Amino acid sequence: MSYHPGYDPHRPALPASAPPASPGPYPPIAYPPAHIVVHAPPTSGLAVASLVLGILGVVGGWCLFGVPCLLAVVLGHVGLHDTRNDMKSGRGMAVAGLVLGYVFVAPMIMLTMMVFFGGLIGAATPSTTPSP
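A few points on the structure.

### As for the packing of aromatic side chains
All told, the structure shown has one aromatic pair when counted by the stated rule. Taking the centre distance of 5.3 Å and the plane angle of 70° together, the rings of Phe-116 and Phe-117 count as edge-to-face.

This is the structure:
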């Protein structure tokens, strides 16, 4: 019988394909990158309505007597108040609706007043055409 250093007859032998007892440091585990999802705040419906009515007042307000422009101004101010605390977006649309409304509401009011008062003065003034 021969002597083998480190040989213990009571310990089972490792198979030939077994990994070494201390494999060393393990490679770092690569985790997938975290996906951060940020949801935008909802858009204020009043700001959208102000912008739409401001555009409608610019395009067809002359025949609608400035009503869309007045509504754009009112809804624009309410939309600005609605978007003040950043819980809703659309502040730019509210400002655009206000600008369109204010720029075109003054001429609309002037035209409406001229048509209205012109009609009243024309109806109240007696006709000066000679009778045959």
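### Points about the packing of helix H1 (residues 45-60) against helix H3 (residues 91-124)
Running from N to C, H1 and H3 cross one another at 35°; their axes reach a closest spacing of 8 Å. The way H1 lies across H3 gives a crossing that is left-handed. When H1 is examined against H3, the residues Ala-47, Val-48, Ser-50, Leu-51, Gly-54, Ile-55, Gly-57 and Val-58 are found in contact with a partner set consisting of Met-93, Ala-94, Ala-96, Gly-97, Leu-98, Leu-100, Phe-104 and Met-108.

### Points about the environment of Thr-43
Tracing the backbone shows Thr-43 in the segment before H1. For Thr-43, a relative accessible area of 42% translates into the label partly exposed. At 3.4 Å, the side chain of Thr-43 forms a polar contact with the side chain of Ser-89.

### What to know about the packing of helix H2 (residues 67-82) against H3
At a minimum axis distance of 7 Å, the contact between H2 and H3 shows a crossing angle of 150°. With respect to each other, H2 and H3 are oriented roughly antiparallel. At the point where H2 passes H3, the crossing takes the left-handed sense. In contact with Cys-69, Leu-70, Ala-72, Val-73, Gly-76, His-77, Gly-79 and Leu-80 of H2, H3 contributes Arg-91, Ala-94, Val-95, Gly-97, Leu-98, Gly-101, Tyr-102, Phe-104, Val-105, Met-108 and Ile-109.

### Concerning the nonpolar core
Counting residues in each nonpolar core, the largest one holds five residues, listed as Ala-47, Val-73, Leu-80, Ala-94 and Leu-98. Put simply, the parts of the chain that give this core at least two residues each are H2 and H3. Residues within four places of Leu-98 in sequence aside, it is in contact with Ser-50, Val-73, Gly-76, His-77 and Leu-80.

### Re H2
Taking 1.5 Å per residue, 16 residues should reach 22 Å; H2 reaches 22 Å between its end C-alpha atoms and fits that length. Those residues of H2 that sit buried are Pro-68, Cys-69, Ala-72, Val-73, Gly-76, Gly-79 and Leu-80. In an axial view of H2, the angular spread of the buried residues amounts to 140°, which keeps them on one side of the axis. Those residues of H2 that are buried are in contact with H1 and H3.

What counts and what doesn't
- Residues numbered from 1 in each chain as written.
- Predicted model: local features only at pLDDT ≥ 70, side-chain atom pairs only at ≥ 80, totals over all residues.
- Heavy atoms only, no water.
- Phe/Tyr/Trp six-rings, centres within 6.5 Å; stacked < 30°, edge-to-face > 60°.
- Axes fitted to C-alpha atoms, helices over the stretch in contact; angles between N-to-C directions.
- Helix = DSSP H or I, 4+ residues; strand = E, 2+ residues; numbered from the N terminus.
- Left-handed = near helix turned anticlockwise from the far one by under 90°.
- Contact = heavy atoms within 4.5 Å.
- Buried < 20%, exposed > 50% of the residue type's maximum accessible area, 1.4 Å probe, protein only.
- Polar contact = N/O pair within 3.5 Å; in protein donor to acceptor, adjacent residues only side chain to side chain.
- Parallel < 35°, antiparallel > 145°, perpendicular 65-115°, else oblique.
- Core = buried A, V, L, I, M, F, W, Y, C linked by side-chain atoms within 4.5 Å.
- Expected span 1.5 Å × (residues − 1).
- Arc of directions from axis to C-beta.

Everything listed is a geometric property; what it means functionally is a separate question.
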